[in-house]
Amino acid sequence: MAAEDAARWHRSLKAPTVETFDLLSDEETFNDGANVGGVTRERDALSEESEGENDEDSQLSFWEEALNAEEEAGELFDNDGACTLEEALAFRKRLRVVGEDCFLAETVEAGTISAKKLCTAFGIRPPFFLEGQEDEAFYPLLGLGICRELQKRVKLPQYNTVDDAVSLLKKSRNIIVLTGAGISTSLGIPDFRSKGTGLYSQLENLGLSDPQEVFDISLFREDPSIFYSVAKDILPSSKKFSPTHSFIRLLQDQSRLLTNFTQNIDNLEGHAGILPEKLIQCHGSFATATCIECGYNVECAKIYHDLKAGKVARCDRCIQQIRQVKPGSKRKRSSNGSSGSRKRRQSYEDSTDDEDDDIAVAGVMKPDITFFGEDLPKRFHDRLLEHDRDLVDLVLVIGTSLKVAPVSEVVGVLPPSVPQLYISREPCSHVEFDIDMLGNCDTIVTELCRRAGWDLQHEMIAENSSIDVQLQEGYESRFSFKIVDT
Ligand SMILES: [Zn+2]
């Protein structure tokens, strides 16, 4: 589109000025120059990939790809032919003000902007396979983008201050608390996802191309020894819990807790006394283990010694059955299957000595933590959709950046009229919360309880310190919390 056209649609639209935090919560994310060029590289990669496979399936996945471009929206807005961040914000706001029909009438139908360019305002990267096509070809994609935008939760204007958060806590009787690694880091438990300090950095020493492979279910089936070699390091050893765990327990004691969905596998919620019926461990836990062959389920205590020793635990039931079928005889592990292109697998097989031969064909026990490529526990979906969704009156997200699906989608499936509060170190840019409270989780919940007049007791809460709360510049509902020693 010519520059004067661009100027024309921009004028004619008379878009109101918008506060950048109003629709997209974190401006820095979108202006981050460090990632410029990423889109182009990815697009090139996509083009190469597409050569020779133009069937419908691959095209479908590219549509999804285009729709999911929003995560890297910063790159999107910096591209030629795309809306700028300011334009995107104005379009989004305009859509909500005038509605879809009127919005389309004054934009693409009036010819003030192409559908292709307007797609970028809704975080959609124009897919390469539509390159050079008539503008009509972009209409379906634009429709999807508009639909998605209208379904998004918008911040409730009536809740802004820390005291608003406190009064919400005090009047709510069915609170969903969604927690992540951030509530356990004050205890020295490694955060899975932080670079440098996180567990993944430790795992890099194993020589895996992607440390996440340790939790990949297909790799586990191929060679469980990789997981078992690090299991002892991630096995929860602490029964201590943090002030934030105590805070959740306090909500339960006051009959305010509906459900605690946790992404953590350290089971500290259990140690803090959260009742099993109120706790959903979204990524499972180390409490039990299951045979990957026959489904035999045991308490993890049964395989604890193997886990601690870094030895692959085998299924007792499988072993028994094998011995019953061929009493007294030993069976060699079959050598077919995916033979050792991986060094690790090779060494794993080499280490299988004769003594273990009959055990070697028995199923491997896998702790019931959820691996990549596995479904979340059924209880998660049932509880969320068939129980909590109709009851919840407040959502508290604590210590998670909500980056891992499908847990990250919990906030999106709840009624948008239910207030949502955010407590964590860093702001979360892809979800719009009503009040953001940033800092150490323990510090923040301590201050909230003090203001609510609740007696939160925990040995880690220092009695002679006060907490400083500051409104962040440029925001109406984002606060930072710091301990000040007195
Ligand atoms: Zn078994």
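Residues numbered from 1 in each chain as written. Predicted model: local features only at pLDDT ≥ 70, side-chain atom pairs only at ≥ 80, totals over all residues.

With that settled, the discussion passes to the overall build of the chain. From N to C terminus, the chain includes 23 helices and eleven strands. Here the chain holds 486 residues, and 37% of them are scored as buried. In the chain, the proportion of contacts linking residues at least 24 apart, taken out of those at least 6 apart, comes to 69%. (Helix = DSSP H or I, 4+ residues; strand = E, 2+ residues; numbered from the N terminus. Buried ≥ 20, exposed ≤ 12 C-beta atoms within 10 Å, placed from the backbone. Contact = placed C-beta atoms within 7 Å.)

In this section: the nonpolar core. Core analysis: the biggest nonpolar cluster contains 50 residues, and V177, V395, L396, V397, L421, I423 and M437 have the highest contact counts within it. With near-sequence residues (within four places) excluded, I423 lies in contact with L396, V397, I398, M437, C441 and I444. Counting 24 residues, the second largest nonpolar core, distinct from the first, contains I226, A289, C291 and C300. (Core = buried A, V, L, I, M, F, W, Y, C linked by C-beta atoms within 7 Å.)

Quick look at the UniProt feature "binding site: Zn(2+)" (unreviewed entry) in the chain now. Look at the UniProt record and you will see "binding site: Zn(2+)" (unreviewed entry) annotated at C291, C294, C315 and C318. Spanning 28 residues, the annotated positions come together in the fold, the maximum distance between their C-alpha atoms being 8.5 Å. Secondary-structure assignment places C315 in the loop between α17 (304-309) and α18 (316-325). Taking the number of C-beta atoms within 10 Å as the measure of exposure, C315 has 26 and is therefore buried. (UniProt positions renumbered as here; feature names shortened; annotations may be inferred.)

Attention now goes to the pairing of strand β1 (residues 175-179). For β1, a buried count of five out of five residues is recorded, marking the element as mostly surrounded by other parts of the structure. Burial along β1 is two-sided: the residues I175, V177 and T179 and I176 and L178 are all buried. In this structure, β1 lies alongside strand β7 (residues 394-398), joined through five bridges in parallel fashion. The residue of β7 that forms the bridge with I175 is L394. (Pairing = 2+ DSSP bridges.)

With that settled, consider the sheet that holds strand β5 (residues 297-299). Strand order across the open sheet formed by three strands is β5-β4-β6, with antiparallel pairing between neighbours. The sheet is open, and its two borders are formed by β5 and β6 (365-369), each paired with just one other strand. On average, adjacent strands in this sheet sit at an angle of 40 degrees to one another, irrespective of strand direction. Relative to β5, strand β4 (residues 284-291) is paired through three bridges, and the arrangement is antiparallel. (Axes fitted to C-alpha atoms, helices over the stretch in contact; angles between N-to-C directions.)

Quick look at the packing of helix α11 (residues 162-171) against helix α23 (residues 441-452) now. The relative placement of two packed helices is expressed as an angle between their axes plus a distance between the axes. With their axes 9 Å apart at the nearest point, α11 and α23 run at an angle of 70 degrees to one another. The orientation of α11 relative to α23 falls into the category roughly perpendicular. The residues of α23 that touch α11, namely those facing D163, A165, V166, L169 and K170, are L448, R451 and A452. Here the residues of the contact of α11 with α23 sort into five nonpolar, no polar and three charged. (Parallel < 35°, antiparallel > 145°, perpendicular 65-115°, else oblique. Nonpolar A, V, L, I, M, F, W, Y, C, P; charged D, E, K, R; others polar.)

Of all eleven residues in helix α15 (residues 243-253), ten are buried; the element is thus mostly enclosed. Of the residues making up α15, those classed as buried are P243, T244, H245, S246, F247, I248, R249, L250, L251 and Q252. Two residues or fewer after α15 comes S255, characterised by a positive phi angle close to 60 degrees.

Another point: the sheet that holds strand β8 (residues 420-424). An order of β3-β2-β1-β7-β8-β9-β11-β10 is seen for the eight strands of this open sheet, with the pairing classed as mixed. Of all the strands in the sheet, just β3 (279-281) and β10 (465-471) have a single pairing partner and so form its edges. Taking each pair of neighbouring strands and ignoring which way they run, the sheet shows an average axis angle of 20 degrees. Pairing analysis gives seven bridges linking β10 to strand β11 (residues 478-485), with the strands arranged antiparallel. Bridging across to β11, D468 finds its partner in K482.

Even without being a glycine, S255 presents a positive backbone phi close to 60 degrees. Even without being a glycine, N267 presents a positive backbone phi close to 60 degrees. As for its placement among the helices and strands, N267 is situated in the loop between β2 (257-262) and α16 (268-271).

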